[in-house]
Each structure stands twice: as C-alpha cells, then as structure tokens.
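Observations on the model geometry
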Amino acid sequence: MATAFSSFRYADSLVVVGISVCTAFLCEGISWLLIYRTSTYKSLRSSIDKASKKLESMKSTSSSAAASAGAAAAAPAASSKKPSSRAKKMDRVETSLKESTRDLSLSKFKSGAVVAAVLFVVFGLLNSLFEGRAVAKLPFSPIPLVLKMSHRGLPGTDPTDCSMVFLYFLCSISIRTNLQKFLGFSPPRGAAGAGLFPMPDPKTS
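- Named according to an unreviewed UniProt entry, the protein is Calcium load-activated calcium channel originating from Elaeis guineensis var. tenera.
- UniProt, in the comment section headed Sequence similarities (unreviewed entry), describes the protein in these words: "Belongs to the TMCO1 family."

1. Considerations on the environment of F123
- Note that F123 resides in helix α7 (residues 109-129).
- Among the residues examined, F123 registers a relative accessible area of 29% and is labelled partly exposed.
- A sequence separation of 46 residues divides F123 from F169, and the C-alpha atoms of the two residues are 9.8 Å apart.
- Those residues in contact with F123 that sit more than four places away from it in its chain are M164, V165 and Y168.

2. Here's the deal with the packing of helix α2 (residues 11-36) against helix α9 (residues 164-183)
- Two elements in contact, α2 and α9, have axes whose closest approach is 9 Å; the angle formed by their N-to-C orientations is 45 degrees. One way to sum up the angle between α2 and α9 is to call them oblique. Here the hand of the crossing between α2 and α9 comes out right-handed. In contact with S13, V16, V17, S20, V21, T23, A24, F25, C27, E28, S31 and Y36 of α2, α9 contributes M164, L167, Y168, C171, I175, R176, L179, Q180 and L183.
- Split by residue class, the contact of α2 with α9 holds 14 nonpolar, five polar and two charged.

3. Concerning the side chain of T101
- Following the sequence through the fold, T101 ends up in helix α6 (residues 81-107).
- For T101, the side chain forms a polar contact with the main-chain oxygen of L97, separated by 2.8 Å.

4. Remarks on the side chain of R45
- Here R45 shows up in helix α3 (residues 39-67).
- The side chain of R45 sits in the buried core without any salt bridge; D49 is the nearest counter-charge, 4.3 Å away.
- Each residue touching R45, except ones within four places of it in the same chain, is listed here: G184, S186, P187 and P188.

5. What to know about a nonpolar patch on the surface
- Nonpolar side chains collect at one region of the surface, where M149, F169, L170 and I173 lie side by side and expose about 340 Å² of accessible area between them.
- Looking at the secondary structure, you find M149 in helix α8 (residues 144-150).
- Accessibility expressed as a relative area gives 34% for M149, which makes it partly exposed.

6. Quick word on the state of the cysteines
- Tallied over the full model, the rule gives zero disulfides.
- With no disulfide of its own, C171 has C162 as its nearest cysteine by sulfur position, at a separation of 9.0 Å.
- Residue class for C171 comes out buried when judged on its relative accessible area of 8%.

7. Focus on the pattern of salt bridges
- Taken as a whole and assessed by the stated rule, the structure comprises four salt bridges.
- With a shortest N-O distance of 2.8 Å, D12 and R133 are connected by a salt bridge. Residue D12 is found in helix α2, and its partner R133 is found in the loop between α7 and β1 (136-137); the two are separated by 121 residues along the sequence.
- Take R133: its relative accessible area is 37%, and that puts it in the partly exposed class.
- The partner of D161 in a salt bridge is K137, and the shortest N-O contact between them spans 2.7 Å. A residue pair is termed long-range when its members are at least 10 positions apart, and D161 in strand β2 (residues 161-162) and K137 in strand β1 qualify at 24 residues.
- When salt bridges that share partners are traced, they join K137, D158 and D161 into one network.

Here is what the cut-offs are and how they apply
- Residues numbered from 1 in each chain as written.
- Predicted model: local features only at pLDDT ≥ 70, side-chain atom pairs only at ≥ 80, totals over all residues.
- Heavy atoms only, no water.
- UniProt positions renumbered as here; feature names shortened; annotations may be inferred.
- Helix = DSSP H or I, 4+ residues; strand = E, 2+ residues; numbered from the N terminus.
- Buried < 20%, exposed > 50% of the residue type's maximum accessible area, 1.4 Å probe, protein only.
- Contact = heavy atoms within 4.5 Å.
- Axes fitted to C-alpha atoms, helices over the stretch in contact; angles between N-to-C directions.
- Parallel < 35°, antiparallel > 145°, perpendicular 65-115°, else oblique.
- Left-handed = near helix turned anticlockwise from the far one by under 90°.
- Nonpolar A, V, L, I, M, F, W, Y, C, P; charged D, E, K, R; others polar.
- Polar contact = N/O pair within 3.5 Å; in protein donor to acceptor, adjacent residues only side chain to side chain.
- Lys, Arg positive; Asp, Glu negative; His and termini not counted.
- Salt bridge = Lys/Arg side-chain N within 4 Å of Asp/Glu carboxyl O.
- Patch = residues over 30% accessible without salt bridge, like charges linked within 9 Å, V, L, I, M, F, W, Y side chains within 5 Å.
- Areas by Shrake-Rupley, 256 points an atom, 1.4 Å probe, with all protein chains shown as cover.
- Disulfide = S-S within 2.5 Å.

Below you can see the structure in the form of structure tokens.
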C-alpha cells in the first residue's frame, strides 16, 4: 500500500498539502485553547464589532449631512457646532477602536509564539523529507523573482519544478486563512489593517 502510494504521481504534493491542512487545524486548535475561548478575547472582539458598526453609522450620517451643506450655508453660525460635535464623537470612537484592536493584537502574542514554534518544527520535518526533491510541477514558467523560491534547493534547470518550500508557503497562507473564516476565527472587520503599529492618522500630521 505504501509502495503504491509512493509511486503515485502526485504523492509528494498530497503529503505536503495534507501536512499543511493538519498543521492549520492544529494551529487553530492552539489558538482556540489559548486565545479564542477566553473572556478577554470575546470582550475585545465584541468591542471592536460595536465600535466598527457605530463608526460606519456615524460616517454615513456625516456624508448625508455633507450633501445638504449647501442648504445650511445660509446659517453658518448655527450649523458649525453640530459638525464639530459630530467630529469629536467620531474621533472618540476611532480612538476606542484603535485601542481595542491594539489590545487584541497583544492578546494573540501568547498563541502566536506557540504557533510559530509548531510551524518551525513542521517546516524542519518537511525540509528533511523533501530536501532536493521536486514535489510538484508548475503549469507555467514563473518569473525570475518567483523562480528563486519555487526552485529553491532543487537540482537541474527545469523552471516548472516546484520545491517543497514554495508549495508549503502557498498552502500555509491559503488553507489557514480560509479555515479561520470557516471556523469564525477571522479578525473582526474593524481590525483590518490595524495592529500593534497602525498607520498614522493623517488628521494629526
């Protein structure tokens, strides 16, 4: 049985993909055990969701108010206080959203270290199993920049040979991302693009 499988044309590819899938489930299991099931994570996620919805609502209200700015131009003194008050409320909500997102990122450090260790061990195992072996065939000749990774550590000059490193990289970024969405563990939409080092606010520059 093992001999028949090893002689199968796509055996190496299936092994790498299968190990990548199992590793993704293991990493998400570790993240759930250390992070996702905690009350701190649930509270921060709830705060981010509420702040995101409130900010979107305030922005939509602000855009509709801007559409009628021409009509309010006749009474600037009476209408100038409302936009100012609205802008301050939006700033407070944005600040709260950024703080919650930063705290959420910090709370993931514990599981992030464990997951990184697991990925390092799995990568070392795969590297020892498939060192110097092409695990798949690319249906095209990649550009030189991609070729450096897809043909890394492989003998010969066939540009369609795919190394384990390249296949494992593609599987890691695609399988785990979709698995997080399927399990409902993907980052809140309000946390997209934010983190420990968010982009500077253009209003303060």
